[in-house]
Amino acid sequence: FMARFGRKKNKEEDLPKKKITKKMLKKSLRLFKYVKPYSGTFTVGLIFLFLSSITSMVFPYLTGELVDAANQDFLENINQIALLLLGVFFLNAVFSYFRIYLFAIVTQRTLAGLRQATYFQLIRLKMKFFSERRVGELNSRISSDISLLQETLTTTIAEFLRQIIIIIIGVALLAYLSVKLTLLMLSLVPLVIVIAVIFGKRIKGLSKIAQDKVADSNVIVEETLQAIATVKAFVNEKFEYKRYEKKTDEVIGVSLTAAKWRGAFASFIIFCLFGSIVAVIWYGVILVQDQQMSIGDLFTFILYSVFVGASLGGIADLYSQLQKAIGATENLLEIFDEEKEADGTDEMAQIK
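Every value quoted in this text rests on a predicted model; they were computed, and no experiment measured them. Numbering of residues starts from 1 in each chain and follows the order in which that chain's sequence is written. Predicted model: local features are reported for residues with pLDDT of at least 70 only, side-chain atom pairs are reported and counted for 80 or more only, and whole-chain, interface and lining totals are derived from all residues. Excluding hydrogens and water, the side-chain values take into account all heavy atoms of the structure.

A.B. asks: Outline the side chain of S311, supporting the account with residue identities and numerical values.
C.D. replies: Going along the chain from the N terminus, every DSSP run of H or I of four or more residues is numbered as a helix, and every run of E of two or more is numbered as a strand. Relative to the helices and strands, S311 is located in helix 11 (residues 295-337). Should any heavy atoms of two residues lie within 4.5 Å, those residues are counted as being in contact. Once you skip the residues sitting within four places of it in the chain, S311 turns out to touch Q163, I166 and I167.

A.B. asks: With reference to specific residues and values, describe a nonpolar patch on the surface.
C.D. replies: On the surface, V221, L225, I228 and Y244 cluster together into a nonpolar patch covering about 320 Å² of accessible area. Mapped onto the elements, I228 comes out in helix 9 (residues 228-233). To count toward a patch, a residue needs a relative accessible area above 30% and no salt bridge. Like charges then connect within 9 Å, nonpolar side chains (Val, Leu, Ile, Met, Phe, Trp, Tyr) within 5 Å. Each accessible area is a Shrake-Rupley estimate made with a 1.4 Å probe; only the visible protein chains count as cover when residues are assessed. Only one rule defines a salt bridge in this text: a Lys or Arg side-chain nitrogen within 4 Å of an Asp or Glu carboxyl oxygen.

A.B. asks: Let's hear about the packing of aromatic side chains: which residues, and what values?
C.D. replies: Whether two aromatic rings pair depends on their centres lying within 6.5 Å, for rings of Phe, Tyr and Trp, where Trp uses its six-membered ring; planes under 30 degrees apart make the pair stacked, over 60 edge-to-face, and the rest tilted. Counted under the stated rule, the structure contains 11 aromatic pairs. When the ring of F42 is compared with that of F103, the centres are 5.3 Å apart and the planes differ by 65°; the resulting orientation is edge-to-face. Taken together, the residues span a long stretch of sequence, with F42 in helix 3 (residues 39-71) and F103 in helix 4 (residues 75-122) at a distance of 61 residues. As far as the burial class goes, F42 and F103 line up, both buried. With centroids separated by 6.1 Å and ring planes inclined at 40°, the aromatic side chains of W282 and Y283 adopt a geometry described as tilted. Counting every residue linked through ring pairs, the aromatic cluster contains F48, F95, Y97, F98 and Y101. Type-normalised accessible area, obtained with a 1.4 Å probe on protein chains alone, sets the label of each residue: buried when under 20%, exposed when over 50%, and partly exposed for intermediate values.

A.B. asks: Outline helix 10 (residues 237-289), listing residues and values.
C.D. replies: Expected span, for any helix, means 1.5 Å times one less than how many residues it has. Spanning 53 residues, helix 10 covers 77 Å between terminal C-alpha atoms, matching the ideal 78 Å at 1.5 Å per step. Taken as a whole, helix 10 has its buried residues at E240, V251, V254, A258, F268, C272, S276, V280, G284, L287 and V288. Just downstream of helix 10 lies Q291, where phi reads positive at about 60°.

Below, the structure is given as structure tokens:
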């Protein structure tokens, strides 16, 4: 029983990632009731998010124009483009400021309401609920889980939408600049995705095994310290130490295996990244020689490729954070789904 309880606590504290399904999304949207009063501010924040994304995508285009202007020795054009770039950077800074500030307003007010509702619901639950759970676990619901939602509302959702916008606009602009170069670049994507999925599953499996072994070692510590009088009475210190030593050594083995896979994956990604850049530059130079595109267009294409590649890389991490947020949401909703004591009061509306 103690082992099972210890593992349960450890996994809850780790806030495991939940698979994002239609059912889970629908369930999680119940918490957006607290965002609704600030929907106007949230919408304005989304507008600034879109504007900041657009201004970011103007930078590679103007940089390419600057390169072409330098090649043509048009000093006047160079000055104009440089001023435009400064203007774009200024607008992007303004849009980013208001985006961050508006999302912060929505987040802080939303989380305040959510914390109050969670606490109000918690203190009205039946005593049976508290006898089956630890105080630390319940406190984690109001602190850790809601803090994770704060990061999600403030940063993760906004960045996820921003990266999606950049990818869509970026691919469209890449195709506009050169369909041939775009097809060459996109042809490399399926291979990278397939290999990344293989590596990802293996690394995820090893990470889970390592977490389970760490949980087992924590259970040994908990059991030993709770029964320390018995351990000392039977002079079992060495036995308990050997048990703990064995588990921690197993963690080292699994972790080093996972490190090998992560190292191989990182090396593969680096090779593919720089290899694709070399391929694009190589083919782009051929197109420039054939006068199918200018040097400035090639430079712009490379910058857009970097933007799109960085966004694709960031999407994976943001998606992982969203999965953890879904898990935290599920933990909170469990409290709201619990039966309350019949105290005759209903001052707080239920999450529908």
